[in-house]
Amino acid sequence: MLKRVPHIILLFFVTFGYAQKKVKDSTKVENLEEVLITATRTERQLSSLPLPAQIVSKKEIEAVNSVRLSDILNEQTGLTTVSDFGGGEGIQMQGLDSQYTLILIDGVPLVGRSAGTLDLSRISVGNIKQIEIVKGASSSLYGSEALGGVINIITDTPKHGFNGNVNYRYGTYNTHDASASIAYKKEAFSIDGFFNRFSTSGYDLLEGDFLNTVEPFSNYTFNLKSTYDFSDNTHLLVSGRYFTQNQEYVASEELSGESKIKEWNAHVKLTHKYSEKWSSYFEFYATRYKADEFLNDSEELLFSEGDFNQLLIRPEIRATYNPTKKTSFIGGLGWNHETLERTDFSTKPEFNSPYIYLQYDGNPTEKINIILGARFDAHNEYKSQFSPKGAIRYEINDKISVKGSVGYGFKAPDFRQLYFDFTNSTVGYTVLGYNQVTTSIPELIEEGQILNVVVPITEFEDELRPENSVSFNVGSVYQPISELKFELNIFRNNIQDLIDTRVIANKTNGQNVFSFYNINKVYTQGLEFNGTWKINNYLKFSGGYQLLFARDKDAEDAFKNGDVYARLTPSSPSFQLKKDDYFGLYNRSRHMANTKVFYTIEKWNLNTNLRATYRSKYGLFDTNANGYLDDYDEFVNGYAILDWAVNKIVFKNYNLGIGVDNFLDFTDTQNITSIPGRLFYVKLNIQF
Amino acid sequence: MKTIKFLPLLAFFIGFTSCSSDDDTIIALPVESELIQNLHAPQEGGQGEPVYGEFAKFNFATGQTTTSETDWDIALRGTIILINGGEKTGIDDEPNRTGNGSAYIANGTLSSVTSVDTSRLREDAVNAQAIPTGSGTGWYIYAGAPTHLITPIAGKILVFKTHDGKYAKMEVLSYYKDAPANPDAYEDLDKYYTFNYVYQPNEGDTTF
């Protein structure tokens, strides 16, 4: 890795030469510089970056025996997994919902957000080299969805020769995770195959109904990646991934069926270096996500079925120009083509969006690093977007540096918000996508289903605006000695044009027609603090904390103006609420913290770790029916999860692991479906 | 249906200060505060099917339900509240409007709404109820799955002009029988209104 980036090594010595010298005669501490690609689309040293970013290494993933992406992300500072009503587990970053964080594998996006959330538990971490997390709006490089930040999963690259490993983990609830990887590399050619099977019999937190909290499911991941070097300057990467999952789908005592997911990704990248200064990339990416489900009644007759079939095709060319060792320009030109077929869509919509971006990354002086970038996304269905970003880092001395960044992020309205045409068959309400209103409402009026139009359809003639935000991050890194490091980041995200639903017409059956519209102004702000203390090569402590305020500005005004009331019980008289009674957005905890201890006993070839994550109370629903989350609502109590893992290497190539996740056996059966209680597991990993 | 009379309030003397002579004393009737429990307002149909059925009609002056075609102020069926004023909105089985009633929804507590903003009063009209029906648009929120609860929105005070031109204000407390503190849409019977109201019996008096 380092071989390919000599200037990084240079920078490393310039920056850390002093610290290195000092360390030499004390206990030897390994301090390999971490490099990431997500923040700038060029390889950059993590510590020199002007943006808030973080790397989760393979070493950590292996030490904690994680198997799914959601497990490991949940333990990172400021990140928490949140479930949507479809059961998918997405990530909340800087207080922004999971639909506002872009998820990439090797730099290209995953699709398949049927209800907004991309389910992270569908991603196996068995073949991951590292996970790169960049916080703050990043649409200047990545376009739509990168409001809160970007999570990029970097897969393993093969080492020289023939090698591989098999890994098997068995745990509570009959949970099996088996994977195998085989890699071969010789001279110009490499190939890497990965296979994973995950299955679980699910669990049930609420006894007495006919439903399980999580129904049994199994899934398979196949990954094949190959590289070929035509010359020292020309490299080809071809990569394919296939994922399939089957889950039982039970809706009631009578109704049951199955839900299936099939997903594939194909990625080809050709890199060519023309000179020391110029290089270019040709990239082609395509992915399809297909989800089907059906329910049969007790007589095995089809009761309902649903399908979701999304396709993304993206060619992109990219060029980098390095006039000097420390200065880079990167520019890209690409095209997103996206289609979706879905139950309850009257049309098969198609998105076409060409885009262009440019970024400058340079060091005007030894101590200052500046990144300036911008991207333009044109679109056939919503307003075109211009996304600028700027970041600066100043190194005060070799112990302390400060950094700041401002960026614009947006999320395009999804297909559902534009084209949905859905009527609930049991209750009778209707949901229409924004673009669907002008055709569907006149039809419903003609059929005599509309009692009263609340919002005139002329309001739907303009285009729906993308949700967008401006994010600010200011931080500092302080490293008094090489073993000790503190990082602080203060953030603020101003989000506008959030898309929400409202009643647009009343129906004659007493129900309503809903549609989407831009309304809310929301902000999230807070601070994040991380500290690591590597006492020696055998003992490491780390801790992190996030303070968060996530609020709706209109709601703040309503409380300030005294327009909000509450009742102590649902049937007691109302009283007026004060400004301080506003709690904020749903599903946001004011405090989140984690602490971890990693300990290695070298003579026993053993390492062990203890991790704790905490999140303070949060509200899931407006339980007192005033439309806002206030101090008189019912909250989900704060909780802590403690995990313990131990791994021992035997006969050099065998790694045996045991552990307990959530060993205090915390559950909240009423509110939290994603925490099943105490989980024991054993693991065996064989390297060859 | 039970009627509990409590806290009869002394009325204010409107126009008292503007009266130049003190030999002309107006005798005002006291404002009436009442709690109505379990006013049953059943409906037929629903669950995606057309809704129909006779409305339960209520008179603020008597504090009683009534079957009279004319002497009623509000009519209730399910979550729908109609007023005796204006014209038919167009739903099935609604009563004829014979009076001068009108209404609006004020923000506040029952005690903080101290006067009627007559400029906001609306009659029922074709396709437009003065008190709208629908979650979040009128007096209640429907929680949807999984609880399916109908909960009166805190701070929504319904202000009425009665069929004979008097004023009343009302706060719905519960939609479930016996107004349980924590209702359960599966266990408790619904369409049973419990509400507080204040009735101003003096002609033309817009304060409470």
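Up top is the structure.
What you see is a predicted model, and the numbers here were worked out from it, not measured in a lab.

Asker: With reference to specific residues and values, describe the overall build of chain B.
Answerer: Broken down by element type, chain B carries zero helices and 14 strands. What you see in chain B, going N to C, is helices and strands ordered as β-β-β-β-β-β-β-β-β-β-β-β-β-β. Evaluated residue by residue, chain B yields a buried proportion of 49% over its 208 residues. Summarising the internal contacts of chain B: among those between residues at least 6 apart in sequence, 59% fall at separations of at least 24. Carbon and sulfur atoms make up 51% of the accessible area of chain B, which amounts to about 9800 Å² in all.

Asker: Describe the overall build of chain A, naming the residues involved and giving the relevant values.
Answerer: For chain A, the count of helices and strands is seven helices and 38 strands. A globule of 688 residues ought to have a C-alpha radius of gyration of about 26 Å, and chain A, at 26 Å, matches this closely. Referenced to the eigenvectors of the C-alpha coordinate spread, the extents of chain A come out at roughly 80 × 55 × 55 Å. Residue burial in chain A is summarised as follows: out of 688 residues, 53% are buried. Expressed as a percentage of contacts within chain A between residues at least 6 apart in sequence, the contacts between residues at least 24 apart total 61%.

Asker: Please provide a residue-by-residue account of the interface of chain B and chain A, values included.
Answerer: Put simply, an interface is often sized by how much accessible area is lost when its parts join up. At the junction of the two partners, chain B supplies 32 residues and chain A supplies 25 residues. With both sides pooled, the region where chain B packs onto chain A buries about 2100 Å², and carbon together with sulfur makes up 54% of that total. Our enumeration of links across chain B and chain A arrives at one salt bridge. The salt bridge involving B:Glu171 is made with A:Arg567; its shortest N-O contact spans 3.4 Å. Applying the counting criterion to the chain B and chain A interface returns seven residue pairs in polar contact (both at pLDDT 80 or more). Elements with a minimum of two residues in the side of chain B that touches chain A: strand 4 (49-52), strand 11 (150-152) and strand 13 (167-176) of chain B. The element best represented in the side of chain B that touches chain A is strand 13 of chain B, accounting for four residues. Within the side of chain B that touches chain A, the residues separate by chemical class into 13 nonpolar, 17 polar and two charged.

Asker: Residue-level account of the pattern of salt bridges, with values.
Answerer: All names here are of chain A. For the coordinates displayed, the defined rule picks out 29 salt bridges over all chains. Between Arg465 and Asp497 there is a salt bridge, and its shortest N-O distance comes to 3.2 Å. Taken together, the residues span a long stretch of sequence, with Arg465 in the loop between strand 25 (450-453) and strand 26 (467-481) and Asp497 in the loop between strand 27 (484-496) and strand 28 (499-507) at a distance of 32 residues.

Asker: Outline the environment of A:Met93, listing residues and values.
Answerer: Residue and element names in this part refer to chain A. With respect to the helices, strands and loops of the structure, Met93 is situated in strand 5 (residues 89-93). Residue Met93 is classed as buried on the basis of its relative accessible area of 0%. Those residues in contact with Met93 that sit more than four places away from it in its chain are Gly78, Leu79, Thr101, Ile133, Val134, Lys135, Gly148, Gly149, Val150 and Ile151.

Asker: Run through empty space enclosed by the protein, naming residues and quoting values.
Answerer: All names here are of chain A. Summed over all chains, the structure comprises ten cavities of 30 Å³ or more. Each pocket or cavity is described by its volume, and for the largest cavity that value is around 550 Å³. Lining of the largest cavity is provided by 35 residues; of these, Ser144, Glu145, Gln310, Glu338 and Ala412 occupy positions nearest its centre. Looking at the lining of the largest cavity, the element that brings in the most residues is strand 18 (residues 327-342), giving five residues. Residue composition of the lining of the largest cavity, by class: 15 nonpolar, ten polar and ten charged. Quantified by volume, the second largest cavity comes out at close to 240 Å³. Considering the residues around the second largest cavity, the lining is formed by 17 residues, among which Glu62, Ser66, Gly126, Asn167 and Asn685 are closest to the centre. Mapped by element, the contributors of at least two residues to the lining of the second largest cavity are helix 2 (58-63), strand 10 (161-171), strand 11 (175-186) and strand 38 (679-687). Taken together, the residues of the lining of the second largest cavity break down into four nonpolar, eight polar and five charged.

Asker: A description of the environment of A:Leu147 should follow, citing residues and the corresponding values.
Answerer: Residues and elements named next belong to chain A. Topologically, Leu147 is positioned in the loop between helix 4 (139-142) and strand 9 (149-155). Taking the C-alpha atoms as reference, Leu147 lies 9.7 Å from Asp97; in sequence the two are 50 residues apart. Setting aside chain neighbours within four positions, we find Leu147 in contact with Leu96, Tyr100, Gly136, Ala137, Gly409, Phe410, Lys411, Glu467, Asn468, Ser469 and Ile495.

Asker: So what's going on with the sheet that holds strand 28 of chain A? Residues and values would help.
Answerer: Residues and elements named next belong to chain A. Here five strands make up an open sheet; going across it, the order is 23-24-29-28-25 and the pairing mixed. The sheet is open, and its two edges are formed by strand 23 (421-423) and strand 25, each paired on a single side. Recorded for the sheet is a direction-independent mean angle of 30° between the axes of neighbouring strands. Sheet topology note: the strand 24 (residues 430-432)/strand 29 (residues 512-518) ladder contains three bridges and is parallel. Residue pairing across strands places Thr430 opposite Val513, the latter belonging to strand 29.

Asker: With reference to specific residues and values, describe the packing of aromatic side chains.
Answerer: Residues and elements named next belong to chain A. Taken as a whole, this structure holds 39 aromatic pairs over all chains when the rule is applied. With a centroid separation of 5.0 Å and an interplanar angle of 80°, the aromatic rings of Tyr228 and Phe230 are classed as edge-to-face. On the accessibility criterion, Tyr228 (36% relative accessible area) is partly exposed. Aromatic side chains Tyr355 and Tyr357 sit 6.4 Å apart centroid to centroid with 10° between the ring planes, which places their arrangement in the stacked category. Judged by relative accessible area, which is 2%, Tyr355 ranks as buried.

Asker: Give a detailed account of the sheet that holds strand 7 (residues 108-109) of chain A, specifying residues and quantitative values.
Answerer: All names here are of chain A. Taken together, the five strands give an open sheet; going across it, the order is 3-8-9-6-7, and neighbouring strands pair in mixed fashion. One side of each edge strand has no neighbouring strand; the edge strands of this open sheet are strand 3 (53-57) and strand 7. Bridge count for strand 8 (residues 128-135) against strand 9 is seven bridges, and the pairing is antiparallel. Bridging across to strand 9, Ile131 finds its partner in Ile153.

Asker: Give me the lowdown on a negative patch on the surface, citing residues and values where you can.
Answerer: On the surface, B:Glu54, B:Glu69, B:Asp92 and B:Asp93 cluster together to form a negatively charged patch. Tracing the backbone shows B:Glu54 in the loop between strand 4 and strand 5 (56-59).

Asker: I'd like a rundown of helix 7 (residues 553-560) of chain A, residues and numbers included.
Answerer: Residues and elements named next belong to chain A. Every buried residue belonging to helix 7 is among Ala555, Ala558 and Phe559, and all of these are buried. Seen along its axis, helix 7 keeps its buried residues to an arc of 95°; they face one direction. Elements that come into contact with the buried residues of helix 7 comprise strand 31 (539-552). For helix 7, the N-terminal cap is Asp552; the gap from its side-chain oxygen to the backbone nitrogen of Asp554 is 2.8 Å. Count one or two residues on from helix 7 and you reach Gly562, which has phi positive near 75°.

Rules behind the numbers
Sequence order sets the numbering: in each chain, residues are counted from 1 along the sequence as written. Labels follow written order: the first chain is A, the first ligand is 1, and so on. A pLDDT threshold of at least 70 governs which residues receive local features in this predicted model, and a stricter bar of 80 or more applies before side-chain atom pairs are shown or counted, although totals over entire chains, interfaces and linings include all residues. As a convention, hydrogens and water are excluded, and side-chain values are obtained from all of the structure's heavy atoms. A run of H or I in DSSP counts as a helix once it spans at least four residues, and a run of E counts as a strand once it spans at least two, with each numbered from the N terminus. The buried label goes to any residue with under 20% of its type's maximum accessible area, the exposed label to any with over 50%, and the partly exposed label to all in between, with areas taken from a 1.4 Å probe on protein chains only. Contacts are residue-level and defined by heavy atoms, with any inter-residue pair within 4.5 Å sufficient. Accessible surface is estimated by sampling points in the Shrake-Rupley manner with a 1.4 Å probe; for residues, cover comes only from the protein chains shown. As defined in this context, the radius of gyration uses C-alpha atoms, and a globule is described by 2.2 Å times the residue total to the power 0.38. By convention, the term buried area covers the 1.4 Å-probe accessible surface removed from two parts as they join, with the contributions of both added. Here a salt bridge means any side-chain nitrogen of Lys or Arg lying within 4 Å of a carboxyl oxygen belonging to Asp or Glu. Definition of a polar contact: a pair of N or O atoms within 3.5 Å, with one able to donate and the other able to accept a hydrogen when the atoms are protein atoms, and with sequence-neighbouring residues admitted only if both atoms are side-chain atoms. Three classes are used: nonpolar for Ala, Val, Leu, Ile, Met, Phe, Trp, Tyr, Cys and Pro, charged for Asp, Glu, Lys and Arg, and polar for all others, with Gly counted as polar. The method works on a 1 Å grid over the protein atoms by themselves. A cavity is a set of points holding a 1.4 Å probe that cannot get out, a pocket is an open set with protein on both sides within 12 Å along at least five of seven lines, and residues with an atom within 4 Å of a point line them. Grid points are joined across faces, edges and corners, and a volume is the space filled by probe spheres set on the points. Two strands make a pair as long as DSSP finds a minimum of two bridges between them. A fitted line through C-alpha atoms represents every axis, and for helices the fit uses only the stretch in contact; the resulting angles, taken between N-to-C directions, go from 0 to 180 degrees. Put simply, two rings from Phe, Tyr or Trp (the six-membered ring, in Trp's case) pair if the centres are within 6.5 Å, and we call them stacked under 30 degrees between planes, edge-to-face over 60, tilted for the rest. Patches were defined on residues exceeding 30% relative accessible area and lacking a salt bridge, with like-charge contacts within 9 Å and nonpolar side-chain contacts (Val, Leu, Ile, Met, Phe, Trp, Tyr) within 5 Å. In this tally Asp and Glu are treated as negative and Lys and Arg as positive; neither His nor the chain ends contributes. A charged residue contributes its charge at one atom only: NZ of Lys, CZ of Arg, CG of Asp or CD of Glu. Read the arc as the range of directions from the helix axis to the C-beta atoms.

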